[in-house]
Amino acid sequence: MGRLVDGTWTTAPQPVDDSGRFARSTTSFRDRITADGSSGVPAEAGRYHLYVAWACPWAHRTLICRALKGLDDAIGISVVDPFMGEDGWWFSDAPGCIPDTVNGKRYLRDIYTLARPNYTGSVTVPVLWDKKKRTIVNNESREVTRMLDVEMDAIGDATVNLCPAALRGEIDALIDEMYQPVNNGVYRAGFAHTQEAYEEAVGALFPALDRWNARLDKQRFLCGDRLTEADICLFTTLYRFDAVYYVHFKCNVRRIVDYPALWGFVRDVYQTPGVASTCNLDHIKQHYYRSHGEINPRRIVPTGPDIDFATPHGRERLGH
């Protein structure tokens, strides 16, 4: 791992607090695209570019929204190499990678210093880049997803609405509820430096998964009969769970395939037209097992598990 300090790259271990708990860094670019341009960052086709990793669940949210909203032609992407070493995220010609065609940089950190030469902080994906102003608009996945979904209707497919106004409060509450025990919980388990911190994370993770399984046993999606941003936020963690988090992050109480409703839900979202094209399990496994030398020092990538996300899910019976 590494980070920028006053614009200079430094290597550092994963951040933990005094009790050995993983401490996620906060994002710092928080401008907003608005449909009417009132923010000074108007919705325009061809103006914005996404820097992403197929491996990253946070970036994956934005890729799914981009695909579902039909924004592939309006917003280009650059995809980093799955291996993140001491130089952080970087661009290569490995299979599945897409170079930086906008700024011609080798490392993602160079995009951050282009936007803010004295930047201090983590260098993360996703990054939403403004080609006209030549700066980062936003690097908070939840906000980028919401902008693509809500503010880009005139450019993308306005019939796709992942956060309808009537459900916005419920969607935000669900995303808040799942963040710490599930989305961040797998990292809190995997990067824990003490037994107590690990057990605390796992002790919150699986009761939360039990609750989501019970909810999804009664309805097709988290907010009822329609796919929303909340489902996307849960899906990107669950999609990686059995292949990575179960073993690599020691989240091995139960697999997602052991949860009938969650396993059906994952296949249901995966089979939604446009979603499968954003899923790259090879990049995911290459990233986690090779990049985290402190967890997997030999960097051996396991062959399995054999997971078929395309098998029928049968969740149509719950309505849609």
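Our subject is the structure that appears above.
Residues numbered from 1 in each chain as written. Predicted model: local features only at pLDDT ≥ 70, side-chain atom pairs only at ≥ 80, totals over all residues. Heavy atoms only, no water.

K.L.:
Whenever I open this one, the overall build of the chain confuses me. Can you help?
P.N.:
Check the secondary structure of the chain and you find nine helices and six strands. Whereas a compact globule of 320 residues would reach a radius of gyration of roughly 20 Å, the chain reaches 19 Å, a difference of no more than 12%. Taking the principal axes of its C-alpha atoms as reference, the chain extends roughly 50 × 45 × 35 Å. Here the analysis covers contacts within the chain between residues at least 6 apart in sequence; of these, 70% occur between residues at least 24 apart. Surface exposure of the chain reaches about 13,400 Å², of which carbon and sulfur atoms provide 48%. Taken together, the 37 basic and 41 acidic charged side chains of the chain have centroids lying 1 Å from each other. (Helix = DSSP H or I, 4+ residues; strand = E, 2+ residues; numbered from the N terminus. Rg over C-alpha atoms; globule rule 2.2 N^0.38 Å. Contact = heavy atoms within 4.5 Å. Areas by Shrake-Rupley, 256 points an atom, 1.4 Å probe, with all protein chains shown as cover. Lys, Arg positive; Asp, Glu negative; His and termini not counted. Charge placed at Lys NZ, Arg CZ, Asp CG, Glu CD.)

K.L.:
Looking at this structure, I do not really get the nonpolar core. What am I missing?
P.N.:
Membership of the largest hydrophobic core comes to 103 residues, with the highest contact counts inside it found for L108, L209 and F235. In this structure F235 touches H60, I64, F265, V266, V269, Y270, V275 and C279, once residues within four positions along its chain are discounted. (Core = buried A, V, L, I, M, F, W, Y, C linked by side-chain atoms within 4.5 Å. Buried < 20%, exposed > 50% of the residue type's maximum accessible area, 1.4 Å probe, protein only.)

K.L.:
Hey, could you run me through the state of the cysteines in this one?
P.N.:
What makes a disulfide is a covalent bond joining the sulfur atoms belonging to two cysteines. Considering all chains together, one arrives at zero disulfides under this definition. Summary of cysteine pairing: C65 is not part of a disulfide, and the nearest cysteine sulfur, belonging to C163, is at 9.8 Å. When its relative accessible area of 0% is taken as the criterion, C65 is described as buried. With no disulfide of its own, C251 lies closest to C56 among cysteine sulfurs, the gap being 16 Å. (Disulfide = S-S within 2.5 Å.)

K.L.:
Hey, could you run me through the pattern of salt bridges in this one?
P.N.:
For side chains of opposite charge, pairing can occur when their charged atoms come near one another. Scanning the entire structure with this criterion turns up 19 salt bridges. In the salt-bridge network here, residues are joined through shared partners; they are R142, R146, D172, D176 and E229. (Salt bridge = Lys/Arg side-chain N within 4 Å of Asp/Glu carboxyl O.)

K.L.:
How do you make sense of the packing of helix α4 (residues 168–183) against helix α6 (residues 195–216) when you look at a structure like this?
P.N.:
Helix-helix packing is characterised by the crossing angle of the two axes and by the distance between the axes. At a closest axis distance of 8 Å, the pairing of α4 and α6 adopts a crossing angle of 145°. On α6, the residues touching E170, L174, E177, M178, P181 and V182 of α4 are A204, L205, A208, L209, R211, W212 and R215. For the contact of α4 with α6, the per-class residue count stands at nine nonpolar, no polar and four charged. (Axes fitted to C-alpha atoms, helices over the stretch in contact; angles between N-to-C directions. Nonpolar A, V, L, I, M, F, W, Y, C, P; charged D, E, K, R; others polar.)

K.L.:
What's the story with the sheet that holds strand β5 (residues 127–130) in this structure? I'm lost.
P.N.:
The strands that make up a sheet are held in pairs by hydrogen bonds between backbone atoms, and each pair lies either parallel or antiparallel. Here we have four strands laid out as an open sheet, ordered β4-β3-β5-β6, and mixed in their pairing. Each of the sheet's edge strands pairs with one partner strand only, and the pair in question is β4 (76–79) and β6 (135–138). Across the sheet, the mean angle separating the axes of adjacent strands is 35° when strand polarity is ignored. One ladder, built from four bridges, connects strand β3 (residues 48–52) with β5; its direction is antiparallel. Looking at β5, one finds that Y51 is bridged to V127. Contacts between helix α1 (residues 57–68) and the sheet are confined to β3 and β4, with β3 contributing the most and set at about 135° to the helix. Sitting on the sheet, helix α2 (residues 108–115) touches β3, β5 and β6, and the angle it makes with β5 is about 50°. (Pairing = 2+ DSSP bridges.)

K.L.:
Hey, could you run me through unusual backbone geometry in this one?
P.N.:
As a rule of thumb, non-glycine residues mostly have phi less than zero, and peptide bonds are mostly trans rather than cis. Between V125 and the following residue, P126, the backbone shows a cis peptide bond with an omega angle of 5°. Of note, P126 is situated in the loop between α2 and β5. In this structure, P305 follows G304 across a cis peptide bond, with omega equal to 0°. Within the secondary structure, P305 is located in the segment after α9 (281–291). The phi dihedral of D6 is positive, around 55°, even though this residue is not glycine. Along the chain, D6 falls in the loop between β1 (2–5) and β2 (8–11). One non-glycine residue, K250, lies in positive phi territory at about 60°. Residue position: K250 is located in the loop between α7 (229–248) and α8 (260–270).

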